[in-house]
Amino acid sequence: MPKYSKFTQQELPACKPILTPKWVVSVFFLVGIIFVPVGVVSLLAARDVVEIVDRYDDACVPANMTDNKLAYIQNPNISKDCTRTLTITEDMKQPIFVYYQLDNFYQNHRRYVKSRNDGQLRDAAKANQTSACEPEKTTADGKPIVPCGLIAWSLFNDTYSFTRGNENLTVDKKDISWKSDREHKFGKNVYPSNFQNGLLKGGGTLDPAIPLSEQEDLIVWMRTAALPTFRKLYGRIYVDLKKNDTITVRLSNNYNTYNFGGKKKLVLSTATWLGGKNDFLGFAYVIVGGLCFFLAFAFTLLYFIKPRKLGDHNYLSWNRHPAGR
Amino acid sequence: MDVPAKLPDPVPSPILRHSPSSGSAMSRSLRSVVDMPSVTFAADMRSDSTRGAESTASSFESFRRAGSRPVPGVARLPTRRSASERAGSQRDLRDEDARFVYINDAARTNAPPARFPDNSVRTTKYSVLTFIPRNLYEQFHRVAYVYFLILAALNQVPQLGVFSPVASVLPLAFVLGVTAVKDAYEDWRRHRSDKNENNRTASVMVDGVFRPKPWSDIHVGELVRVVANETLPCDMVLVSTSDPTGVAYVQTINLDGESNLKTRYAKQETMTTPTEALAGLIKCEKPNRNIYGFLATVDLDGRRAVSLGTSNIMLRGCELKNTAWAIGVAVYTGRDTKVMLNNSGAPSKRSRLETHTNRETIVLAIVLALLCTLVSLLAGIWLSDHSDELGVIPYFRKKDFSDPNEVENYKWYGTGAQVAFTFMMAVIQFQVMIPIALFISMELVRVGQAYFMVQDKHMFDEKRQARFQCRALNINEDLGQIKYVFSDKTGTLTENRMEFRCASVHGGDFSETDGGEADGHAVTEDGVVLRPKTAVKTDPKLMAMLKDGTGAKADAARDFFLTLVTCNTIVPIIVDDTEDPAAARRLVEYQGESPDEQALVYAAAAYGYTLVERTSGHIIIDVFGTRQRFDVLGLHEFDSDRKRMSVIIGCPDKTVKLFVKGADNSMFGVIDKTMNPDVVRATEKHLHAYSSLGLRTLVIGMRELSQEEFQEWQMAYEKASTALLGRGGLLRGVAANIERNLRLLGASGIEDKLQDGVPEAIEKLRQAGIKVWVLTGDKQETAISIGFSCKLLTREMTQIVINSNSRDSCRKSLDDAISMVNKLRSLSTDSQARVPLALVIDGNSLVYIFDTDHEDKLFEVAIACDVVLCCRVAPLQKAGIVDLIKKRTSDMTLAIGDGANDVSMIQMADVGIGISGQEGRQAVMASDFAMGQFRFLVPLLLVHGHWNYQRMGYMILYNFYRNATFVFVLFWYVLHTGFTLTTAITEWSSVLYSVIYTAVPTIVVAILDKDLGRRTLLKYPQLYGAGQREESYNLRLFIFFMIDSIWQSLAVFFIPYLAYRKSTIDSASLGDLWTLAVVILVNIHLAMDVIRWNWITHAAIWGSIVATLICVMVIDSIPILPGFWAIYKVMGTGLFWALLLAVIVVGMVPHFVAKAIREHFLPNDIQIAREMEKSQDSHDVTHPEVQMNTMARA
């Protein structure tokens, strides 16, 4: 004898929602009501963000070497210093974020993202753990490289300093990386060793006396970017900038992007709750909201033109064609 | 056809058998005839096939003709006779085809090279040791799993390693593990029941004494002693029984499902030897599946070989009845026994839906191949574009400078190889395009659906306490697409319990049984009260007339009942009253081959004519308390030519009377109509009335024989029954000669009670667009009358009857039928009212049709008819008819039956259903589903079938969709990584996505969701059409789902992509956003399509989203993974939530719009019915009393 319960008889109390016209129109209306204001607010917020972008990789190449940029960047004897002047277009409230932007740099390339060893970064005892770090695994004499791997090897090493007139604008480079990374991912007692000693230098060097947990540029760099065009935080400037202020940037153009056609840009930007200056979200919200309003009206109209009584058994196929199929 | 062929398994000639023990030749032959099981006219075809009496030779032959014709596709049919067997009737069993059994000498029998198995049975598939390899082997029969295995193996190649080794194996291991656990549990249950079976004990002769021994230890050649009501442990040749004549009765219900007793004989030669001294050699055929055939000889030492046949063997699983003990020699043991050979377990069928998924799987495989090709081509282009830079660019670094002396290429095998690797890596990365969890989900869902079908109280048979059984677990959803139902009649539509309902005696109709007492008439014998086991309601007027009436009518009534009680082959058996065993009361149980005769004898008992004893020579009848002895002087068995049966009885008053009963058309030919024209007319009228009620009618007649007539008959009978050639024909002639000028006594109406609710069920099925075909072994008249009573046939229908006796006439009737169908069809185009057609066709015609390849014509006629009734069909013909439809249409077929004769069609049909009724287990064993009553077919198909189909169809589509969505998201990202198969989504989320993140809700929904309530589905059977029209799963829906999937993947990928372009976003954070977005999106998609929300559905869907979040958080809490803490970080930004909301809304809008349009402007029946249900429910709440009215109106 089977046990009888609402469950076994598949008769559990249940809610059976039906998409009635009322529901359809209200849902679209509701989405529209939510989305359009949110979109407008985001658009306004994005508009408030002031962003100054300066591409310097081409400009910083001496005029006589524009045909052979690679030779320029690979020649250690040529000075890489370069000066850029930026004009502030709108008032910028502090903090002002200083980013560098790399274009066409596949930090998400399979060969690249795999080339790291997180165990080694975290624990001094695991310095020899260099698996997956090829081809930057060990030095020629077999000593482990700390931090090993292509990611660390290709550390970005352009530097920037800013002046407004005679006023030096200090760039605060503290706290640019994630706290969680500093505390748990990069060891306090792990020091760089044998780093950037190979035949081919990929980028920046690290001070062997500073533990990895304090090498914030490295930590930022090691958070690999999701997309081939990305920004990374360089530092913050805690000074308000006024419209038409002229900022002089002294930079050392060390990082080689010339061998793969990458672009380097310097970005100064304020921030809002939405992040940087990107009005895509606002537009998306406004458009979707608008579309929903349109759909709400369209459906209202449709329901009005072609009404159908819900649950009318005359609509059942065998009632519509009594002769049968 | 008329030539009585020598039968393959002849019953030992009755005359020879009884020669030592009886006196005159006359009584000898009479006795043997009575002792012999005979076929009466109401018996089913299958009884014909099992009896060996020569008088049934012709019908038997016709069965064999049908049976011997190979039906394509029917490979394992228990009733099929092998060629060697048929040949066996002509020549001896050859030694190389034989098995040698030395009686009572197991050691010699089993000596090499014989080595027969012992009697243990093993139905389990695995042992502890073989479980893992065998189970894996079986699971890898699924091509998909091989595919996933190959990919997992490829992934282990260093150059192709997309996932970490553990992650790559995890999903496959998970699904294999779940399936293995399920299989192990099932096998463990089988193991337990095997153990019980093997440990039963039987009494086996060891060193001259019978000792108890477990069943499993019985060996071929041993003597086994079985007592009454015991089950036989193995197949054994009967050597002696408690009965001096060597008779033993067995019940074969477990074997072929027939509930009546069968007689088995021990050979006189073995009977006479004391059991301990028995020795000899049995030469028998090799084990085979044929339960109706056995061919052997026994050679007792120093004597000649005696042949043995079916009637000398008792098979495992049968029960010994009414015989104190029986001793047999084990000849087939364990897995060689016929019951085990027939126990092939549940057939493995594949559901239509699953077959269809192959098509979509191929489409997806092509899409997968395209994606992979695209990625690898783009990768090749990218590589050749950047070929100069590859050595040094920071994110590729082809060259390894760690050894300054020798700069080597690192992980670089040339552009071509790189492209090939990319392709293979892409396949590994995108592998879930073929949904790995689909198969295990389907299996789990079917288990869940089966659970609910089994638990359904509407399919629980209260009477027999029998639940619904799901034997095949892979065709649940086929129940929702049935177009043809092939039904057996006896025991399926009817209860196979005959009940005497009406009597027409001497022109008077006595059908008023309402006032009569339903208590059987009790008689007293030696102080013991005997009561018939089954009580029959009586008509008080008829009762009174029998008791005290005078005149012609009363005399006729008395003779009428005398005929009923004498003219049969029923054996009364006295059994204890189980209800009240202490009282001095016994029950009389009438055992016989024909349920009709049983009903007649029970009826006679109720009217005061109680059959108390029957031997071969006389019958003792208690007539209203006085015991009378009637001598049986002769008996003419039923045969299909005469269609009647007669006995010649020496009455106590020294008169000799001939009592005849038979089918009306045959009886009216031999009745003297001049004698009592009024009575004849009245009886004819009554007969018509009875058969319109669906009753099985018999006409009763008698004649008093003069001395000369009797003697003349006696001589003819004697001569005929001792004739060596053409005995059957001669006996028929003798019978026909005496059965003439009969006086009509009356007619009886027996009801083969329809099961409850059969007419309603058939009506519902018909409304649901299911064609019901009835295939029965019954004769045409009975079949038609039952057809009427179960509303299969109606008076408005035009019947096309095809019963031909030759090829030509058969072809002609088919052609006529076709022209008639065409004519009616052309008429019906004008008027809306179509003339319903019914085709009635009999087995003989079918033989000709199948022989002469007129199948196409038959098919043409049959599908034009609303109803098809096939009568007098043999088991294999049933399968042939099912095959006729299966081969020519793509429609789903269902066969339902209860007896061994239905096995072939049950296995042939797409869905086979066994009725676990009176006829035992054979049909159930062969079936996919088993249930107690025919009417359960309605909830099974209309409710559960509909649900199963709709749920499963949606689940499969959804599985394709959700995996494709995920793969497309991965794909869009790959286009932004230099085509290098990187994922932002962590590899753990990738592998868990299809087995954990999104698997549970779809399984739960597929088990629990109901598009419509039971009440609605039963009220509008037409809703079943949704399944027949494949509305829940088709290519169009698949394409819609795929378009949706592409759109949603675009929304999931590009909204965050555009928002985070040129930002500091890291891949782990973006990956987490994508993971959550896609999981939420596909769950919302599911939620939007769920029709009934109960708490379990809520828990599964929302719980799954929460579980995903928790999983992502756990993964991001592992510091050595690159994505450490990303989820916490990204969840702290407003942009994350804004994007999530935008993704969900943008992703869902097209689906929502399409749904709103479809449901409102293009509603299907299910949608309308849902709305009706909804308004009904709100009515129920607000106006409970109004609701009653609407119900009544509807």
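Residues numbered from 1 in each chain as written. Chains lettered and ligands numbered in written order. Predicted model: local features only at pLDDT ≥ 70, side-chain atom pairs only at ≥ 80, totals over all residues. Heavy atoms only, no water.

Taking an unreviewed UniProt entry as the reference, chain B is identified by name as Phospholipid-transporting ATPase belonging to Leersia perrieri. As recorded by UniProt, the Cofactor (unreviewed entry) comment attached to chain B reads in full: "Mg(2+)". (UniProt positions renumbered as here; feature names shortened; annotations may be inferred.)

The name an unreviewed UniProt entry assigns to chain A is ALA-interacting subunit, from the organism Leersia perrieri. Of the comments in the UniProt record for chain A, the one headed Subcellular location (unreviewed entry) reads "Membrane".

Q: Teacher, can you tell me more about the overall build of chain A here?
A: Looking only at helices and strands, chain A has 9 helices and 8 strands in total. Expected size for 325 residues packed as a compact globule is a radius of gyration near 20 Å; at 30 Å, chain A overshoots this value by more than 25%. Residue burial in chain A is summarised as follows: out of 325 residues, 51% are buried. Across chain A, the fraction of contacts at a sequence separation of at least 24, relative to all contacts at a separation of at least 6, is 79%. When the accessible area of chain A is evaluated, it comes to approximately 15,200 Å², of which 56% is carbon and sulfur surface. For chain A, the centre of its 42 positive side-chain charges and the centre of its 30 negative side-chain charges are spaced 11 Å apart. (Helix = DSSP H or I, 4+ residues; strand = E, 2+ residues; numbered from the N terminus. Rg over C-alpha atoms; globule rule 2.2 N^0.38 Å. Buried < 20%, exposed > 50% of the residue type's maximum accessible area, 1.4 Å probe, protein only. Contact = heavy atoms within 4.5 Å. Areas by Shrake-Rupley, 256 points an atom, 1.4 Å probe, with all protein chains shown as cover. Lys, Arg positive; Asp, Glu negative; His and termini not counted. Charge placed at Lys NZ, Arg CZ, Asp CG, Glu CD.)

Q: Would you mind showing me how to read the overall build of chain B here?
A: Of regular secondary structure, chain B possesses 41 helices and 37 strands. In chain B, buried positions account for 61% of the 1194 residues. A separation of at least 24 residues holds for 74% of the contacts in chain B among residues at least 6 apart in sequence. As displayed, chain B offers around 44,400 Å² of accessible surface, 57% of which is attributable to carbon and sulfur atoms.

Q: I'm lost on the packing of aromatic side chains in this one. Help?
A: For any two aromatic rings, the description comes down to two numbers: the centre-to-centre distance and the angle of the planes. Here the structure, examined in full by the defined rule, presents 68 aromatic pairs over all chains. When the ring of tyrosine 413 of chain B is compared with that of phenylalanine 421 of chain B, the centres are 5.5 Å apart and the planes differ by 85°; the resulting orientation is edge-to-face. Their ring planes at 20° and their centres at 6.0 Å tell us that tyrosine 954 of chain B and tyrosine 958 of chain B sit as a pair that is stacked. Note that tyrosine 954 of chain B and tyrosine 958 of chain B are positioned in helix H30 (residues 937-974) at a spacing of 4 residues, about one turn of the helix. For tyrosine 958 of chain B, a relative accessible area of 0% puts it in the buried group. Of the aromatic side chains, those joined through ring pairs into one cluster are Tyr100, Phe105, Tyr106, Tyr112, Phe156, Trp221, Phe230, Tyr255 and Phe260 of chain A together with Trp382, Tyr395 and Phe396 of chain B. For the cation-ring pair, arginine 99 of chain B lies above phenylalanine 116 of chain B, with the distance from its terminal atom to the ring centre recorded as 3.8 Å. Between the NZ or CZ atom of arginine 888 of chain B and the centre of the ring of phenylalanine 859 of chain B, over which it lies, the distance is 5.9 Å. (Phe/Tyr/Trp six-rings, centres within 6.5 Å; stacked < 30°, edge-to-face > 60°. Lys NZ or Arg CZ within 6 Å of the ring centre and 35° of its normal.)

Q: Mind showing me how you'd approach the domain arrangement of chain A here?
A: Where the parts come together, the accessible area they lose is often given as the size of the interface. When cut into domains, chain A gives domain 1 (18-49 + 275-306) and domain 2 (50-270). For domain 1 of chain A versus domain 2 of chain A, the separation of C-alpha centres amounts to 41 Å. (Domains from an automatic or database assignment.)

Q: Looking at this structure, I do not really get the state of the cysteines. What am I missing?
A: A covalent bond between the sulfur atoms of two cysteines is referred to as a disulfide. All names here are of chain A. On inspection of all chains with the given rule, the structure shows 2 disulfides over all chains. Residue cysteine 60 pairs covalently with cysteine 82 via a disulfide, S to S 1.9 Å. Between cysteine 60 and cysteine 82 the disulfide shows an S-S torsion of about -75°. By sign, it is left-handed. In this pair, cysteine 60 is assigned in the loop between strand E1 (51-55) and helix H2 (69-74) and cysteine 82 in strand E2 (residues 81-87), connecting sequence segments 22 residues apart. When its relative accessible area of 7% is taken as the criterion, cysteine 60 is described as buried. (Disulfide = S-S within 2.5 Å.)

Q: Help me understand the sheet that holds strand E5 (residues 167-169) of chain A in this model?
A: Strand-to-strand pairing in sheets goes through backbone hydrogen bonds, with the strands running parallel or antiparallel. All names here are of chain A. Sheet architecture is open: 4 strands sit in the order E2-E7-E4-E5, paired in antiparallel fashion. The open sheet has two free edges, formed respectively by E2 and E5, since each of these has just one partner strand. Across the sheet, the mean angle from the axis of one strand to that of its neighbour is 30°, orientation sign disregarded. Bridge analysis of strand E4 (residues 159-164) against E5 gives 3 bridges, and the strand direction is antiparallel. Residue pairing for E5: threonine 163 is matched across the bridge by asparagine 168. (Pairing = 2+ DSSP bridges. Axes fitted to C-alpha atoms, helices over the stretch in contact; angles between N-to-C directions.)

Q: I tried to follow the UniProt feature "active site" (unreviewed entry) in chain B on my own but got confused; where do I start?
A: All names here are of chain B. As recorded in UniProt, the feature "active site" (unreviewed entry) lies at Asp488. Structurally, aspartate 488 can be placed in strand E17 (residues 482-488). Residues in contact with aspartate 488, not counting those within four places in the same chain, are Leu493, Leu775, Lys878, Ile896, Gly897, Asp898, Asp902 and Met905. Separated by 3.3 Å, the side chains of aspartate 488 and threonine 492 make a polar contact. (Polar contact = N/O pair within 3.5 Å; in protein donor to acceptor, adjacent residues only side chain to side chain.)

Q: Quick question: what am I supposed to make of the interface of chain A and chain B here?
A: At the junction of the two partners, chain A supplies 95 residues and chain B supplies 108 residues. Counting each side, the surface lost to burial between chain A and chain B is near 8,900 Å², with a carbon and sulfur contribution of 63%. Our count for the contact surface shared by chain A and chain B stands at 3 salt bridges. Across the pair arginine 308 of chain A and glutamate 1171 of chain B runs a salt bridge whose closest N-O atoms are separated by 2.7 Å. (Buried area = accessible area lost by both parts, 1.4 Å probe. Salt bridge = Lys/Arg side-chain N within 4 Å of Asp/Glu carboxyl O.)

Q: Looking at this structure, I do not really get the pairing of E17 of chain B. What am I missing?
A: All names here are of chain B. With respect to burial, E17 is a largely interior element, 6 of its 7 residues being buried. Relative to strand E35 (residues 892-897), E17 runs parallel, the two being bridged by 5 bridges. The partner of isoleucine 482 across the bridge, within E35, is methionine 892. Bridging between E17 and strand E31 (residues 771-775) involves 5 bridges; their strand directions are parallel. When the sheet's bridge partners are listed, serine 487 is paired in E31 with valine 774.

Q: Would you mind going over the UniProt feature "transmembrane region" (unreviewed entry) in chain A with me for this structure?
A: Mapped onto this numbering, the UniProt entry annotates "transmembrane region" (unreviewed entry) at residues 23-46 and 283-305 of chain A. Helix makes up 100% of residues 23-46 of chain A and strand 0%. Its end C-alpha atoms lie 34 Å apart.

Q: Would you explain the pattern of salt bridges in this entry?
A: Pairing between side chains of opposite charge can happen when their charged atoms approach one another. Residues and elements named next belong to chain B. Within this structure, the stated rule accounts for 57 salt bridges over all chains. One salt bridge connects lysine 213 with glutamate 222, and the closest N-O pair in it is separated by 2.6 Å. Exposure class is identical for lysine 213 and glutamate 222. Each is buried. Here the salt bridges do not stand alone but share partners, grouping Glu855, Asp856, Asp883, Lys887 and Arg888 into one network.

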